[in-house]
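The residues making up each chain are set out below.
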Amino acid sequence: MRIKQLEYLVKVAESPSITQAANELYISQPSLSHAIKELEEEMNVVLLNRSQKGVALTSQGEEFLSYARQILEQIDLLNRRFKEDETPHQIFSVAGQHYAFVVDAFVRLLKRFEHMDYQASLKELRTYEVIEDVANLKSEIGVIYRSNYNRQVINTELKKHQLTFTSLIKVRPHVFIYKEHPLASYDKISLQDLIPYPKLSYEQGHHNSFYFWEEVLADHASPKTITVSDRATLFNLAIGLNGYTISSGIINADLNGETIIARPLVSNEVIELGYITSNLHRLRPIAEEYLILLKERLDVALADSID
């Protein structure tokens with residue numbers, strides 16, 4: 001088994017076709033296919049399903065890929081540690097649903113590394129993409145939520161991908177609205193109160209089941225619905241159209257300003273915010289440091305929201 005073969009497998013997994021993977025690796029498609037075939041024969045495993053439509057990882061291939069990424073990560077660490085001519089290196093990557101406290105913790109983490117060059121990644125992704133990103137070790141930590149409604153489905157996906165969910169906090173659902181919204185003066189808001197206003201939700205791509213939506217009570221019918229792809233657009237629509245979204249109620253005024261407010265929703269649902277990690281990967285010290293900051297910024301954001 002050669003390092004190049006592992007790198008080739010990762011590239012194939014990340015590319016829409018083996019031809020594109022070969023082009024990006026600057027080798028011929030037959031050479032790439034042969035290298036993967038040699039790896040399969042040596043390890044006595046079938047990594048790819050091959051058909052006229054292209055190639056896809058087998059279940060064994062997905063597991064093998066997780067280990068391959070770990071090996072390549074360790075090799076990268078060795079190169080960074082012992083090569084003096086190193087370029088700025090990737091120090092940390094986190095993926096999450098659209099939560100301001102995740103960004104806040106990331107900012108504070110990188111401020112501790114202002115004295116050095118680095119590359120870091122913060123990805124606001126769709127729910128299923130967060131799970132995949134951590135499962136494929138592209139991110140060490142992913143931040144998502146579970147609820148009474150989606151818990152079984154989320155737990156099944158986490159188990160399938162060998163991931164662990166660690167709870168951070170449990171809160172009741174809140175409605176995010178513009179501070180001058182007609183319902184802003186309400187102490188509590190019911191689903192009936194929300195009927196006249198547009199419901200704002202994050203687009204979930206191919207995995208568009210209600211179980212993967214970022215908003216609790218996503219299956220609640222609304223006569224006006226708008227899907228968006230980013231947090232800034234959602235807040236702009238909340239302001240411009242008196243739209244609303246249902247979330248945790250945790251707002252970071254430093255990052256989001258004071259134009260969006262949260263009001264409790266009349267519901268028995270519970271939102272459990274937490275982070276996921278891979279069972280196949282041991283968190284590096286910087287990831288552990290991020291988790292400390294994540295919990296700290298969540299507590300601060302929660303206190304500010306209550307005030």
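Residues numbered from 1 in each chain as written. Predicted model: local features only at pLDDT ≥ 70, side-chain atom pairs only at ≥ 80, totals over all residues. Heavy atoms only, no water.

Per an unreviewed UniProt entry, the chain goes by the name LysR family transcriptional regulator and belongs to Fundicoccus ignavus. As its UniProt record puts it under Sequence similarities (unreviewed entry), the chain is described as follows: "Belongs to the LysR transcriptional regulatory family." (UniProt positions renumbered as here; feature names shortened; annotations may be inferred.)

Draft legend 1. Just empty space enclosed by the protein, in detail. Taken as a whole and judged by the stated rule, the model has 4 cavities of 30 Å³ or more. Approximately 190 Å³ is the volume attributed to the largest cavity. Lining the largest cavity we find 17 residues, and of these His98, Tyr99, Phe176, Tyr202 and Ser247 sit closest to its centre. Of all the elements in the fold, those that place two or more residues in the lining of the largest cavity are helix H9 (231-241) and strand E10 (245-247). Its residues assigned to classes, the lining of the largest cavity shows 9 nonpolar, 5 polar and 3 charged. (1 Å grid on protein atoms, 1.4 Å probe; cavity = no way out; pocket = protein on both sides within 12 Å on 5 of 7 lines; lining within 4 Å. Points joined across faces, edges and corners; volume = space filled by probe spheres on them. Helix = DSSP H or I, 4+ residues; strand = E, 2+ residues; numbered from the N terminus. Nonpolar A, V, L, I, M, F, W, Y, C, P; charged D, E, K, R; others polar.)

Draft legend 2. Seen up close, H9. Buried within H9 we find Arg231, Leu234, Phe235 and Ala238. Considered in projection along H9, the buried side chains sweep an arc of 95° and stay on one side of the axis. Seen from the open side of H9, the exposed residues pointing more than 90 degrees away from its buried face are Asn236 and Gly240. The opening residue of H9 is Asp230, an N-cap whose side-chain oxygen sits 3.2 Å from the backbone nitrogen of Ala232. Downstream of H9 by one or two residues, Asn242 has phi in the positive range, about 55°. (Buried < 20%, exposed > 50% of the residue type's maximum accessible area, 1.4 Å probe, protein only. Arc of directions from axis to C-beta. Polar contact = N/O pair within 3.5 Å; in protein donor to acceptor, adjacent residues only side chain to side chain.)

Draft legend 3. The UniProt feature "domain: HTH lysR-type" (unreviewed entry) in the chain, seen in detail. UniProt annotation of "domain: HTH lysR-type" (unreviewed entry) refers to residues 1-58 when read in the numbering used here. Along residues 1-58, the helical share is 60% and the strand share 14%, with 19 Å between the first and last C-alpha atoms.

Draft legend 4. Highlighting the sheet that holds strand E7 (residues 174-178). What the 3 strands build is an open sheet, ordered E10-E7-E11; its pairing is antiparallel. Both edges of this open sheet fall to E10 and strand E11 (260-264), since each of them pairs with a single strand only. With strand direction ignored, the average angle separating the axes of adjacent strands in the sheet is 40°. Pairing of E7 with E11 involves 5 bridges; the strand directions are antiparallel. If you follow Ile177 over to E11, its bridge partner there is Ile261. (Pairing = 2+ DSSP bridges. Axes fitted to C-alpha atoms, helices over the stretch in contact; angles between N-to-C directions.)

Draft legend 5. The arrangement of the side chain of Arg297 in detail. With respect to the element layout, Arg297 can be found in helix H11 (residues 285-306). Polar contacts involving the side chain of Arg297 include one to the side chain of Glu296, which spans 3.4 Å. In contact with Arg297, not counting residues within four places along its chain, are Phe101, Asp104, Ala105 and Arg108. (Contact = heavy atoms within 4.5 Å.)

Draft legend 6. Representation of the pattern of salt bridges in the model. On inspection of all chains with the given rule, the structure shows 17 salt bridges. For Glu40, the salt bridge is made with Arg50, and the minimal N-O distance between the two is 2.8 Å. With Glu40 in helix H3 (residues 29-43) and Arg50 in strand E1 (residues 48-51), this pair connects stretches of sequence that are 10 residues apart. For Glu40, a relative accessible area of 5% translates into the label buried. Of the residues examined, Arg50 reaches a relative accessible area of 44% and is grouped as partly exposed. Through salt bridges with shared partners, a single network forms among Asp104, Arg108, Glu296 and Arg297. (Salt bridge = Lys/Arg side-chain N within 4 Å of Asp/Glu carboxyl O.)

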